[in-house]
Amino acid sequence: MLTKTEKSFSFIFLIIVIAELVCDSTESLNTYHYFTKPLILISLIIFFLKHSQNLDAKTKWFTLLALSFSLLGDILLMFVDASANFFIGGLVAFLVAHIMYVLVFLKKKNTANNALPFIVILLLYATTLFHFLKDGLDDLLLPVIVYMFVILLMAIAAFLRKGSVSKNSCILVFLGALFFITSDSLLALNKFYTPLPFSSISIMLTYSIAQLFIVFGIKNQQ
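Since this is a predicted model, take the numbers as computed values, not measurements.

(A) Structural detail: helix α3 (residues 57–77). Its 21 residues place the ends of α3 30 Å apart at the C-alpha level, agreeing with the 30 Å of an ideal helix rising 1.5 Å per residue. Listed in full, the buried residues belonging to α3 are T59, T63, L64, A66, L67, S70, L71, G73, D74 and L76. Packed against the buried residues of α3 are α2 (33–50), α4 (84–106) and α8 (199–219). Near the N-terminus of α3, the side chain that reaches the backbone nitrogen of K58, with its oxygen 3.2 Å away, is that of D56.

Here it is in structure tokens:
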């Protein structure tokens, strides 16, 4: 399923993610967290730049924008303890990143796909999640609703690629979108509902896998 190059990069990527998890959870190493966390997206950007020659210009640049805004979001979220504005900034950065991914995915949409059953499942999931979050959102109610809508749209756009790209590309991007939803759901529950055990580990793992799968999937689309 993965090429030799992708397997080699996955190993390097795994080391970076593990380093971030260790630095983030170890007080004596916490200073290095400000280096290891951005390095996750920086490594993906470098990899994508080196291996995206087969893609058209719009797909390439929209993907790079998605990764760059994700990197910005990661950096902003590292400083949420200093000010709530950093969380809002991170939210906006990831919102833009998801919109960029939507634009990339829709370029390969297959109009023959029936997305209605998947949309119903997503709406049921989002409604259930919102039930747990709503009482803790306060002034962030509207921004979070908008964000939820956009990330669901991103997953739907990923689903619509089925049949218009290679099976490998379709599966990777779709799984990446689902991992992204999982990561953001865990983050939201941990912040607005109740603290989750090992939340920093589960959020970062699912997020890193999401970005890796999406990059591999876009790189391999035909």
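And the narrative resumes.
(B) Just the pattern of salt bridges, in detail. Tallied over the full model, the rule gives 2 salt bridges. In this structure, the salt-bridge partner of K219 is E6, at a minimum N-O distance of 2.9 Å. Of this pair, K219 sits in helix α8 while E6 sits in helix α1 (residues 4–25), placing them 213 residues apart in sequence.

(C) Structural context of the packing of aromatic side chains. For the coordinates displayed, the defined rule picks out 15 aromatic pairs. Taking the centre distance of 5.8 Å and the plane angle of 85° together, the rings of F94 and Y207 count as edge-to-face. Taken together, the positions of F94 in helix α4 and Y207 in helix α8 put the pair 113 residues apart, joining distant regions of the chain. Of the residues examined, Y207 reaches a relative accessible area of 5% and is grouped as buried. A ring pair is formed by F179 and F213, whose centres lie 5.9 Å apart and whose planes are at 85°; its orientation type is edge-to-face. Highlighted residues: F179 in helix α7 (residues 167–192) and F213 in helix α8, separated in sequence by 34 residues.

(D) Spatial organisation of the packing of α1 against α8. Following both chains from N to C, one finds α1 and α8 inclined at 160°, their axes separated by 11 Å at the closest point. With respect to α8, the axis of α1 lies roughly antiparallel. For the crossing formed where α1 meets α8, the hand is right-handed. Where α1 abuts α8, its residues E6, F9, S10, F13, V17, E20, L21 and D24 lie against S200, I201, M204, L205, S208, L212, F216 and K219. Of the residues contributing to the contact of α1 with α8, the split by class is 9 nonpolar, 3 polar and 4 charged.

(E) Region of interest: α8. Taking 1.5 Å of rise per residue, the 21 residues of α8 would be expected to cover 30 Å, and the 30 Å separating its terminal C-alpha atoms lies within 8% of that figure. Among the 21 residues that make up α8, 15 are buried, leaving the element largely enclosed by the rest of the structure.

(F) The arrangement of the layout of surface pockets in detail. In this model, the largest pocket occupies a volume close to 1,000 Å³. Considering the residues around the largest pocket, the lining is formed by 42 residues, among which K37, L77, F87, L187 and I203 are closest to the centre. Elements with a minimum of two residues in the lining of the largest pocket: α1, α2, α3, α4, α5 (116–133), α6 (141–159), α7 and α8. The biggest single contributor to the lining of the largest pocket is α7, with 10 residues. Among the residues forming the lining of the largest pocket, the class breakdown is 27 nonpolar, 8 polar and 7 charged. As a volume, the second largest pocket reaches approximately 190 Å³. Lining the second largest pocket are I119, L122, L123, A126, T127, F130, I145, M148, F149, L152, L153 and I156. Elements with a contribution of two residues or more to the lining of the second largest pocket: α5 and α6. A breakdown of the residues in the lining of the second largest pocket according to their chemical character gives 11 nonpolar, 1 polar and no charged.

(G) Inspection of unusual backbone geometry at higher detail. Even without being glycine, D138 reaches a positive phi, approximately 50°. For D138, the position within the fold is in the loop between α5 and α6. Assessed through its relative accessible area of 62%, D138 is described here as exposed.

(H) Looking closely at the nonpolar core. Counting residues in each nonpolar core, the largest one holds 61 residues, and the members touching the most others are Y101, F105, M154, F180, F192 and I218. Of all the elements in the fold, those that place two or more residues in this core are α1, α2, α3, α4, α5, α6, α7 and α8. Broken down by element, the residue count for this core peaks at 11 residues, all from α6. Ignoring anything within four residues of it in the chain, the contact list for F180 reads F94, H98, Y101, I151, M154, Y207, A210, Q211 and I214.

Rules used in this analysis
- Residues numbered from 1 in each chain as written.
- Predicted model: local features only at pLDDT ≥ 70, side-chain atom pairs only at ≥ 80, totals over all residues.
- Heavy atoms only, no water.
- Helix = DSSP H or I, 4+ residues; strand = E, 2+ residues; numbered from the N terminus.
- Expected span 1.5 Å × (residues − 1).
- Buried < 20%, exposed > 50% of the residue type's maximum accessible area, 1.4 Å probe, protein only.
- Contact = heavy atoms within 4.5 Å.
- Polar contact = N/O pair within 3.5 Å; in protein donor to acceptor, adjacent residues only side chain to side chain.
- Salt bridge = Lys/Arg side-chain N within 4 Å of Asp/Glu carboxyl O.
- Phe/Tyr/Trp six-rings, centres within 6.5 Å; stacked < 30°, edge-to-face > 60°.
- Axes fitted to C-alpha atoms, helices over the stretch in contact; angles between N-to-C directions.
- Parallel < 35°, antiparallel > 145°, perpendicular 65-115°, else oblique.
- Left-handed = near helix turned anticlockwise from the far one by under 90°.
- Nonpolar A, V, L, I, M, F, W, Y, C, P; charged D, E, K, R; others polar.
- 1 Å grid on protein atoms, 1.4 Å probe; cavity = no way out; pocket = protein on both sides within 12 Å on 5 of 7 lines; lining within 4 Å.
- Points joined across faces, edges and corners; volume = space filled by probe spheres on them.
- Core = buried A, V, L, I, M, F, W, Y, C linked by side-chain atoms within 4.5 Å.

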